[in-house]
Amino acid sequence: MPEPRTPSIYSIAAHRGFADALVAGLIPRYREDNFGLARLTLMLPSRRTVLTVTEAFVRASGGALILPRMVVVGDLDLDETLGAGLDPIGGPDIAPAVDPVVRQLILSRLLRDEMSAQSGNSVPGEAALLRLARGVGETIDRLLIEDITPERLLDPAVIGLVGDLAEHWQNATLVFARLLARWQAELAERGMCDAPARRNHLLRALAARWRAAPPPHPVVAAGVTSAAPAVAALLRVISELPGGAVILPDLDLSLHDDVWQALGHAGAPAEDGQIFGAQVFGRGDIVTHPQYHLKLLLNRMGVARGEVQPWHRAGLAAARPARSRAISNLFLPPVASTAWATLPAPDRSLSGVRVMECANPAEEALAIAILVRRALEVPERRVAVITPDRGLAERVIGELQRWSIGADDSAGRALPQTAAGRVLLLLAETWAERAAPVPLIALLGAPLVAAGEGRANWLDQVRRLDLALRGPRPAPGVTGLRDHLSAARRPDPRLIAWWDDVALLLAPMLASDEPVPLAYALATLVETAEALCGEGLWAQADGRALATFVEDWSAAAGDPALAETLVDPAELPALLRDALDQVAVRPPYGGHSRLAIYGLLEARMSRADLVICGGLVEGTWPAAPATDPMLAPAVLRALGIPGADFRIGLAAHDFAAALGAPEVVLSHALRDVSGPAVPSRFLLRIRAMTDHAEIETDALLWARGIDRSDPVPFHPRPQPMPSAQQRRVDIAATALDRLRGDPYQFYASAILRLASLDALDADPSPAWRGTAVHAILEAWHKAGAPPGELVPLAERALGEMNAHPLMRALWAPRLLDALLWIEEEQDRLLGEGREVAAFERWGAIEIRGVKIKGRADRIDRLPDGTLAIVDYKTGGPPKARMVQEGFALQLGLIGMIAAEGGIADLAGLPNRFEYWSLARRRDGSGFGWAEEPILEGRKRSGVLREDFLPETRRYLHDALDKWILGSEPFTARLNPDLPGYTDYDHVMRLDEWQGRDT
């Protein structure tokens, strides 16, 4: 065994720019002959950093260059394992790693067993179990990364600590211990191991092999900051290899020794000299400091900070050395930060760093886009936007489209946000909701569905279907939709034929709503997706990512041990969304060559001339700490597992690295969608340390003024003046109230013939409820109004008409109670000699050349031969005062039509005018009651019975004189205090003038 050498460890300061400075030093060091650099093995933390370093080599080479061999350690935060260079085929005899999806599904099954044993039948659904299983898997990985065996959970200190925790933590720890034991047995039976365990074995085997027989060519580890014991052991060996080196990013060599010691224990060697047997975290450790994880790494390597040498090469985008000193002082621990008051100005100056305070995320995105555009106007100037806020990144990309600047978010987009992923989710939602209108229309109109030459015709039919399904939800399934289309007032044969073709594609998926095997559910979704989209579903980057996802999950779900895993179709959307959210689709090349938009992980080791850090608010940068679902924070600390606060230190290190750029803009918004936002603690440190931070105002002024236009004068109150010919329209009995109350709405409805559309899957509106009641009562009267048959008839009719759960649960029982009252009232009136003379009967008369038409809900003949006009109301009837003032004239107009013989086969003079309301009675005793708007008895408002028809006639002639035969404008909101319809408020631009036309 060769003699150990002095560790060769370097640190590249933040101001030098890691990737470019690394390459600037590697080229002269290993390029002694023609192939020296090609013999170098460069170990990097992740596949993404390989691209970053490759670009740095291209910039520094100035010509042809044979690159070194680059291998990756694998960043577990990025779901990466070892690259092929460290995990070769036919390597050491180490058990293969279990498929991560198989592991999640098996852990879900084990969780179901444990929870069922504990709580009986109260076990969550498959989607919730899979979500929890993913959290359990992450906890297992954290244990394995730190080389913590399951036996450590039985340590007396840990058991005693668990006994002092809250009951739910005790139960969670117990469940986790059982799960871990069963999972280990499952792995042993399969002859496999977890991916982190395999990674540890491979790294330790590699370290042992290189220690015994150093490789013939140099090895350099650059940018690897993981403090996992296996990684630290390998880095120690690499640092002692001939020609080998370990190069760390942003290790602060200028930090005072007292401050370095104040960071805490950080896995320091035990008193007996063991390197890896020490306690990891001590009480009072400042784990949120950006240097803490590097101190932990050095201690686990058995290297003192004094043995680390500074890297003296700088990159193309290096800042002044004073920047690194200021960054070091910026993150001084609380006690040491008292030195800020006495620091010389150069040691706390962040010249070139500006803070931009925006009002909201939209303004922030636009201001960042303006900064990017201005920077790209300078030749060869590189720009990087760094933000963990994916929403902000997408906003910036959108704003850059103003100037046709293409930008790609290297962190990628979650698969559900892409076209291909959305198709699969919409299919799952359509299955879960049995072809309910909202997911169905969204699915059929998705960009990938029926793409190609016939897309225009397809979308035309989708629009027709959209219109046909407006309103409350029809019966479920393809058959229910076809029945709904056939039962329309004017069935569209072309639409029905088209729907029959579509139904054939959806029928296999909608054949059953019973739980099915997960593999079958995925296969059915994919089969239906291909039938709708063809091969184009898989053509782009998102389709290829979706194909990989489907293959992985289908193979895992087909595992023999998981054959009994059933999933309810109602749970498929949640299950798939959770799973698809874990897949990021990264854009292909095509963005601006000098612009990069990074997440925090992607930004590591990169550098640009201008770095813009966006989304610097608490909860985003640093992210809000997430609690482990199974193990309490105290247990994690006792086991030596980095907790949530440890990640704050990593975020601080990322921030410190970004501050090293020559020009930096730190941006944050004062508010977000939920309310006021708190600036990041990193920004607060800058404001506290510096006398006054430089403020970026120019970009904000541009952002606030770029879309500003001259003030537009208030829109005047609409007063349309149609021609005399246009005014001559029929007046419906229900429309005279609208004409007198709000002439503009009558104009929009009767003259312009604009009709409002119900929403898809809408709650049953008053208009729909009224139509349903009239249809039920009409069917009852046609059947001869048999006693005791109205309620059963209504139950059958409502079941056929609508499948909306709100209607069935809330409105239908109340309606049936009111219909029972109608039946009882009918029996009572028949006993008094009153009989139904007409129901749902149309009639019309002509007055001064204008047709007055209406449909009578019901007209009864009284014993004396006179008529009673009855109007059914599903809600409360109009107030008597409204009738008196001429704003509720329907009863009177129907009475006029009947009195003048406008209703066929009906003669007589109306003498009673009744509203039959199906609403709750005023005394709360039940539903259903009747009243007349007649001024008699103790009433204070209404119309005298003998004046009812004359008053109606007077109000009708007044409306004819003013609007139909006259020249009055159809003024909007002529009676603003009058309650009425709001269907046309957006057409009259109500908000633009109401209350302003003084």
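Summary of the structure given here. (Residues numbered from 1 in each chain as written. Predicted model: local features only at pLDDT ≥ 70, side-chain atom pairs only at ≥ 80, totals over all residues. Heavy atoms only, no water.)

Overview of the overall build of the protein chain
For the protein chain, the helix and strand inventory stands at 37 helices and 24 strands. Taken over C-alpha atoms, the radius of gyration comes to 38 Å for the protein chain, far larger than the 30 Å a tight globule of 998 residues would show. The dimensions of the protein chain, computed from C-alpha atoms along their principal axes, are 125 × 65 × 60 Å. In the protein chain, which comprises 998 residues, the proportion classed as buried is 51%. Here the analysis covers contacts within the protein chain between residues at least 6 apart in sequence; of these, 78% occur between residues at least 24 apart. Surface summary for the protein chain: the accessible area is close to 45,200 Å², and the carbon and sulfur share equals 53%. (Helix = DSSP H or I, 4+ residues; strand = E, 2+ residues; numbered from the N terminus. Rg over C-alpha atoms; globule rule 2.2 N^0.38 Å. Buried < 20%, exposed > 50% of the residue type's maximum accessible area, 1.4 Å probe, protein only. Contact = heavy atoms within 4.5 Å. Areas by Shrake-Rupley, 256 points an atom, 1.4 Å probe, with all protein chains shown as cover.)

Observations regarding the packing of aromatic side chains
A full pass over the atoms with the stated rule returns 16 aromatic pairs. Between Trp821 and Trp916, the aromatic rings sit 5.5 Å apart at their centres with planes inclined by 65°, giving edge-to-face as the arrangement. Placement of the pair is Trp821 in helix 33 (residues 805–831) and Trp916 in strand 23 (residues 910–920), with a sequence separation of 95 residues. Comparing Trp821 with Trp916 shows no difference in burial state: the two are buried. (Phe/Tyr/Trp six-rings, centres within 6.5 Å; stacked < 30°, edge-to-face > 60°.)

Description of the sheet that holds strand 8 (residues 383–386)
The sheet built from 6 strands is open, its strands ordered 13-8-14-15-7-18 with parallel pairing. The open sheet terminates on both sides in strands that have one partner only, identified here as strand 13 (595–598) and strand 18 (694–695). Across 6 bridges, the pairing between strand 7 (residues 353–358) and strand 15 (residues 663–669) is parallel. Residue pairing in the sheet places Met356 in a bridge with Ser667 of strand 15. (Pairing = 2+ DSSP bridges.)

Focus on the packing of helix 35 (residues 890–899) against helix 36 (residues 948–964)
One can describe the packing of helix 35 onto helix 36 by two numbers: an axis separation of 9 Å at closest approach and a directional angle of 105°. Between helix 35 and helix 36, the angle falls in the class roughly perpendicular. In this structure, helix 35 contributes Leu891, Gly892, Leu893, Gly895, Met896 and Ala899 to the contact, and helix 36 contributes Phe948, Leu949, Thr952, Arg953 and Leu956. Its residues placed into classes, the contact of helix 35 with helix 36 shows 7 nonpolar, 3 polar and 1 charged. (Axes fitted to C-alpha atoms, helices over the stretch in contact; angles between N-to-C directions. Parallel < 35°, antiparallel > 145°, perpendicular 65-115°, else oblique. Nonpolar A, V, L, I, M, F, W, Y, C, P; charged D, E, K, R; others polar.)

Overview of helix 7 (residues 195–212)
The first and last C-alpha atoms of helix 7 sit 26 Å apart over 18 residues, in line with the 26 Å expected at 1.5 Å per residue. All of the buried residues in helix 7 are Pro196, Ala197, Arg198, Arg199, Asn200, Leu202, Leu203, Leu206, Ala207 and Trp210. Against the buried residues of helix 7 lie strand 2 (41–44), helix 4 (126–145), strand 4 (219–222) and helix 8 (229–240). (Expected span 1.5 Å × (residues − 1).)

Here's the deal with the sheet that holds strand 6 (residues 308–310)
Taken in spatial order, the 6 strands of this open sheet run 3-2-4-5-1-6, and their pairing is parallel. Bordering the open sheet on either side are strand 3 (69–72) and strand 6, each of which pairs with just one other strand. Neighbouring strand axes in the sheet, compared pairwise and without regard to direction, differ in orientation by 25° on average. Here helix 1 (residues 18–30) sits on the sheet and contacts strand 1 (9–12), strand 2, strand 4 and strand 5 (245–249); the angle it forms with strand 5, its principal contact strand, is near 160°.

Here we look at a nonpolar patch on the surface
Together, Leu752, Leu754 and Val987 line one region of the surface with nonpolar side chains, adding up to about 200 Å² of accessible area. One can find Val987 in the loop between helix 36 and helix 37 (990–993). (Patch = residues over 30% accessible without salt bridge, like charges linked within 9 Å, V, L, I, M, F, W, Y side chains within 5 Å. Salt bridge = Lys/Arg side-chain N within 4 Å of Asp/Glu carboxyl O.)

Some thoughts on the environment of Val231
Within the fold, Val231 resides in helix 8. The buried category is assigned to Val231, whose relative accessible area is 3%. Here the alpha-carbon distance between Val231 and Val712, two residues 481 residues apart in the chain, equals 65 Å. Residue contacts for Val231: discarding those within four places in its chain leaves Val73, Arg199, Leu203, Val224 and Ser226.

Details of the pattern of salt bridges
Tallied over the entire structure, the rule returns 59 salt bridges. One salt bridge in this structure joins Arg604 and Asp654, with 2.9 Å as the shortest N-O distance. Of the two residues, Arg604 is situated in the loop between helix 23 (600–603) and strand 14 (610–613) and Asp654 in helix 25 (residues 644–659); the sequence distance between them amounts to 50 residues. Classification of Arg604 by relative accessible area gives partly exposed; the value is 25%.

What about the pairing of strand 24 (residues 927–931)?
Bridge count for strand 23 against strand 24 is 4 bridges, and the pairing is antiparallel. Paired with Trp916 across the bridge in strand 24 is Ala930. Hairpin connection from strand 23 to strand 24: 6 residues lie between these consecutive antiparallel strands, with Gly924 at a positive phi of about 75°.

Considerations on the pairing of strand 2
Burial of strand 2 is two-sided: the residues Thr41 and Met43 facing one way and the residues Leu42 and Leu44 facing the other way are all buried. Where strand 2 lies against strand 3, 4 bridges are found, and the strand directions are parallel. Across the sheet, the residue bridging to Leu44 is Val72, located in strand 3.

As for unusual backbone geometry
Note that the residue after Trp621, namely Pro622, is joined by a cis bond; omega there is 5°. Relative to the helices and strands, Pro622 is located in the loop between strand 14 and helix 24 (633–639). The phi torsion at Glu380 lies on the positive side, around 65°, for a residue other than glycine. Mapped onto the elements, Glu380 comes out in the loop between helix 13 (361–376) and strand 8. Residue Glu380 is classed as exposed on the basis of its relative accessible area, which comes to 70%.

Considering the packing of helix 18 (residues 477–486) against helix 19 (residues 493–510)
Relative to each other, helix 18 and helix 19 sit at 165°, their axes nearing to 9 Å. Comparing their axes, helix 19 and helix 18 come out roughly antiparallel. Considering only the axes of helix 18 and helix 19, their crossing is right-handed. The segment helix 18 lies against helix 19, with Val478, Leu481, Arg482, Leu485 and Ser486 engaging Leu495, Ile496, Trp499, Asp500, Ala503, Leu506 and Leu510. (Left-handed = near helix turned anticlockwise from the far one by under 90°.)

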